[in-house]
Amino acid sequence: MDRNLKQAFDDTVSEGVPDRFADLIAQLSEKTKNAGTQ
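On a predicted model such as this, the values are computed, not experimentally measured, just so you know.

Asks: Help me out: how do you make sense of the overall build of the protein chain in this one?
Replies: What the protein chain contains, in helices and strands, is two helices and zero strands. Projected onto its principal axes, the C-alpha positions of the protein chain cover 50 × 20 × 10 Å. Across the 38 residues in the protein chain, those meeting the buried criterion constitute 0%. When the accessible surface of the protein chain is split by element, carbon and sulfur atoms take 56% of a total near 4,000 Å². Distance between charge centres in the protein chain, computed from 5 positive and 7 negative side chains, equals 4 Å.

Below is the structure:
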């Protein structure tokens, strides 16, 4: 069972972050940074 879990985790990690999620994270980070400067 441990081997299957590790394989599933490794496969998921190797997929990377889809561009849509990376863009969303960047937008949220920018809003958070800007909120702190007001």
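Asks: Help me understand helix 1 (residues 2–15), please; the structure alone is not making it clear to me.
Replies: End to end, helix 1 covers 20 Å across 14 residues, agreeing with the expected 20 Å (1.5 Å per residue, within 8%). Little of helix 1 sits out of view: just zero of its 14 residues are buried.

Asks: Is there a simple way to think about the pattern of salt bridges in this case?
Replies: Any two side chains of opposite charge can pair, on the condition that their charged atoms come close. The full count for this structure, using the stated rule, is two salt bridges. For Lys-6, the salt bridge is made with Asp-10, and the minimal N-O distance between the two is 2.9 Å. Here Asp-10 and Lys-6 lie together in helix 1, a separation of four residues that amounts to about one turn. On the accessibility criterion, Asp-10 (34% relative accessible area) is partly exposed. Across the pair Glu-30 and Lys-33 runs a salt bridge whose closest N-O atoms are separated by 3.6 Å. With Glu-30 and Lys-33 both in helix 2 (residues 19–36), this residue pair falls three residues apart, about one helical turn. The class for Glu-30 is partly exposed, based on a relative accessible area of 38%.

Calculation criteria
- Residues numbered from 1 in each chain as written.
- Predicted model: local features only at pLDDT ≥ 70, side-chain atom pairs only at ≥ 80, totals over all residues.
- Heavy atoms only, no water.
- Helix = DSSP H or I, 4+ residues; strand = E, 2+ residues; numbered from the N terminus.
- Buried < 20%, exposed > 50% of the residue type's maximum accessible area, 1.4 Å probe, protein only.
- Areas by Shrake-Rupley, 256 points an atom, 1.4 Å probe, with all protein chains shown as cover.
- Lys, Arg positive; Asp, Glu negative; His and termini not counted.
- Charge placed at Lys NZ, Arg CZ, Asp CG, Glu CD.
- Expected span 1.5 Å × (residues − 1).
- Salt bridge = Lys/Arg side-chain N within 4 Å of Asp/Glu carboxyl O.

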